[in-house]
Number of protein chains: 2
Amino acid sequence: MSISRRNFFKRTIITTSAVASIPAIVSSCISTNEKTKESLFSKDDVILFQGDSITDAGREKQSELPNNIRSFGAGYAFIAASELLKEMADKNLTIYNRGISGNKVYQLAERWQKDCLDLKPDILSILIGVNDYWHMRNGNYDGTPDIYENDYRELLTRTKKEFPDVKLVICEPFILPETRAVDESWIEPFSLYQKIAAKLSEEFKTLWVPFQKVFTEAAKVAPAVVWTEDGVHPSLAGCHLMAEAWLKSVGM
Amino acid sequence: MSISRRNFFKRTIITTSAVASIPAIVSSCISTNEKTKESLFSKDDVILFQGDSITDAGREKQSELPNNIRSFGAGYAFIAASELLKEMADKNLTIYNRGISGNKVYQLAERWQKDCLDLKPDILSILIGVNDYWHMRNGNYDGTPDIYENDYRELLTRTKKEFPDVKLVICEPFILPETRAVDESWIEPFSLYQKIAAKLSEEFKTLWVPFQKVFTEAAKVAPAVVWTEDGVHPSLAGCHLMAEAWLKSVGM
């Protein structure tokens, strides 16, 4: 093969990689066990999305009804829940969103009885951690990675104690630099929080949604601000990317 | 083949058909020309969703920004737009939602300059008609099918006159009986409005989203109220079903 021809092939491969479609990116980040869906979801299951503003997504908090549009806000949980309810329309699923803006792990713990245990979830998805770092960084919170780890482990232990069979989904907290609020200096200190979330996912044998990997890959296809304007809160495109990653991680 | 074996095969076929998955239903209703997506969407396109409460979906109306979560509400347009922005993240699309709750065709016309023509759409999706019938039925409007047809044709003519190259997507208005607000007596009179929408779609050579067919098929998989509690406004599952049908109709 001549050098020029080798270069052509090399170029072709690079080009193909550069224009990889978003579904290919999600697939490249998440390998789905096709049996996950069947083993995860059963008739009459209660599913709960928990977290901070990213999960909250402006939901109406007066009635907090399950399977209700107003009570779901407009974020990844709305897209993921509506897909679950559509795909398994015959399964009589009950899905709640109880994310609250600004929450750190200890604030989940404060409302865990009312906003988790009382709902008796069969499947519990948690996305928490960015505020545990961010609020410390901007001087509004005294937290450390150790506090995040201890608080998070205690929350999971408490949950498993009350519901030994609950199926847990831990979502990786994520950031994207080159955005309004986030720069490169976030990456190393925030990675400590991400590693803790991953460690707890292993420890409690949960499903894992690798959001950081997905957003990092997506930022190669379009600038970071296309996915999240401030580096923390997803855009419309970012919400759909998250929902797709979440759904793929649970076998959909 | 013995009769019992023939009966077994017959039963198997019926069972398979009864548990057909929702994606199969959407596929069975909508045949996609794979070239549609390529020919429809170009770099820097402006896309506009227009309609009534189903499109509005509780969107925030102070800033009315494109590609903005708050300005999109939580409905099919949110799910469809977020998928377009994700899938074509490199295309710099600008997507608006300008649906307004309660609107009939003449009310679209009243705000068409500001809420359509001024936005210079390359692709315009319209879902309108259920209030043209419903408000007449409950005595709050003097409309008729003829008025719906004439108003709608005038609106489309006006749009094509200003933007001859605009790509139109007409969505079929839909209802589901055996729900809180809709019973069987709606079907025949409302079908006149649906036929008019279909006729105008042919007349103006638009893309067509057959929502009625999709919802009718979905109601065979799960009760109508799973898809729309009042027979008009979609549930979470109904929103995702609509988005999927819309996206498939535009080649996604």
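Let me sum up the structure you'll find in this document.

1. Observations concerning the overall build of chain A
Tallying secondary structure elements over chain A gives 13 helices and five strands in all. The globule rule puts the C-alpha radius of gyration for 252 residues at 18 Å, and the 19 Å found for chain A is close to it. Over its C-alpha atoms, taken along the principal directions, chain A stretches across nearly 70 × 50 × 35 Å. Split into buried and exposed, the 252 residues of chain A put 54% on the buried side. Here the analysis covers contacts within chain A between residues at least 6 apart in sequence; of these, 78% occur between residues at least 24 apart. For chain A, the accessible surface area stands at approximately 11,100 Å², while carbon and sulfur atoms represent 52% of it.

2. A short note on the environment of Ile69(B)
Note on placement: Ile69(B) falls in the loop between helix H4 (53-56) and helix H5 (76-87). Residues Ile69(B) and Arg59(B), ten residues apart in the sequence, show an inter-C-alpha distance of 8.5 Å. When neighbours within four sequence positions are excluded, Ile69(B) is seen to be in contact with Ala74(A), Pro234(A), Ser235(A), Leu236(A), Cys239(A) and Phe78(B).

3. Some thoughts on the sheet that holds strand S5 (residues 207-209) of chain A
All names here are of chain A. With respect to topology, five strands assemble into an open sheet ordered S2-S1-S3-S4-S5, the strand pairing being parallel. On the outer flanks of this sheet lie strand S2 (94-97) and S5, each paired with one strand and no other. Adjacent strand axes in the sheet meet at a mean angle of 15° when their direction is disregarded. Relative to S5, strand S4 (residues 167-171) runs parallel, the two sharing three bridges. Counted as the bridge partner of Cys-171 is Val-209 from S5. Helix-sheet contacts for helix H5 (residues 76-87) involve strand S1 (46-51), S2 and strand S3 (123-127), and the interaxial angle to S1 is about 170°. The strands touched by helix H9 (residues 145-162) within the sheet are S3 and S4, with S4 carrying the most contacts at an inclination of about 160°.

4. Quick word on the side chain of Gln212(A)
For Gln212(A), the location among the structural elements is in helix H11 (residues 211-221). Separated by 2.8 Å, the side chains of Gln212(A) and Gln194(A) make a polar contact.

5. Digging into H11(A)
Within H11(A), the full set of buried residues consists of Phe211(A), Gln212(A), Val214(A), Phe215(A) and Ala218(A). In a view along the axis of H11(A), the buried residues occupy a sector of 160°, so they form one face of it.

6. Description of unusual backbone geometry
At Asn92(A), a position not held by glycine, the phi torsion is positive, near 55°. The topology assignment puts Asn92(A) in the loop between H5 and S2.

7. Remarks on the relation of the copies chain A and chain B
The operation relating chain A to chain B is a screw motion whose rotation component is 180°, with 0.0 Å of axial translation and a residual RMSD of 0.0 Å. Both copies of the chain, as the preceding transformation shows, are related through a two-fold rotation axis. Taking the C-alpha atom as reference, chain A places Ala74(A) closest to the rotation axis, 2.6 Å from it. When the interface residues of chain A are mapped onto chain B, 100% of them again lie at the interface, so the same face is used by both copies.

8. Considerations on the pattern of salt bridges
What the rule picks out here adds up to 34 salt bridges over all chains. If you follow the salt bridges from partner to partner, you end up with Arg59(A), Glu64(A), Arg98(A), Arg111(A), Lys114(A) and Asp115(A) in one network.

9. Focus on the sheet that holds strand S5 (residues 207-209) of chain B
Residue and element names in this part refer to chain B. Strand order in the open sheet made by the five strands is S2-S1-S3-S4-S5, with parallel pairing throughout. Of all strands in the sheet, those with a lone pairing partner are strand S2 (94-97) and S5, marking the two edges. Across the sheet, the axes of successive neighbouring strands diverge by a mean angle of 15°, strand direction being ignored. Taken together, the four bridges between strand S1 (residues 46-51) and S2 define a ladder with parallel strand orientation. For Leu-48, the partnering residue across the bridge sits in S2 and is Tyr-96. Strands in contact with H5 are S1, S2 and strand S3 (123-127); relative to S1, the strand with the most contacts, it is inclined by about 170°. Along the sheet face, helix H13 (residues 236-249) touches S1, S3, strand S4 (167-171) and S5 and points at about 160° away from the line of S5.

10. Focus on the state of the cysteines
Under the counting rule described, the total for this entry stands at zero disulfides over all chains. Among the cysteines around Cys116(A), which has no disulfide bond, Cys171(A) carries the closest sulfur, lying 14 Å off. There is no disulfide at Cys239(B), and the cysteine sulfur nearest it, in Cys171(B), is 13 Å away.

Here is what the cut-offs are and how they apply
Residues numbered from 1 in each chain as written. Chains lettered and ligands numbered in written order. Predicted model: local features only at pLDDT ≥ 70, side-chain atom pairs only at ≥ 80, totals over all residues. Heavy atoms only, no water. Helix = DSSP H or I, 4+ residues; strand = E, 2+ residues; numbered from the N terminus. Rg over C-alpha atoms; globule rule 2.2 N^0.38 Å. Buried < 20%, exposed > 50% of the residue type's maximum accessible area, 1.4 Å probe, protein only. Contact = heavy atoms within 4.5 Å. Areas by Shrake-Rupley, 256 points an atom, 1.4 Å probe, with all protein chains shown as cover. Pairing = 2+ DSSP bridges. Axes fitted to C-alpha atoms, helices over the stretch in contact; angles between N-to-C directions. Polar contact = N/O pair within 3.5 Å; in protein donor to acceptor, adjacent residues only side chain to side chain. Arc of directions from axis to C-beta. Least-squares fit on C-alpha atoms with pLDDT ≥ 70 in both. Salt bridge = Lys/Arg side-chain N within 4 Å of Asp/Glu carboxyl O. Disulfide = S-S within 2.5 Å.

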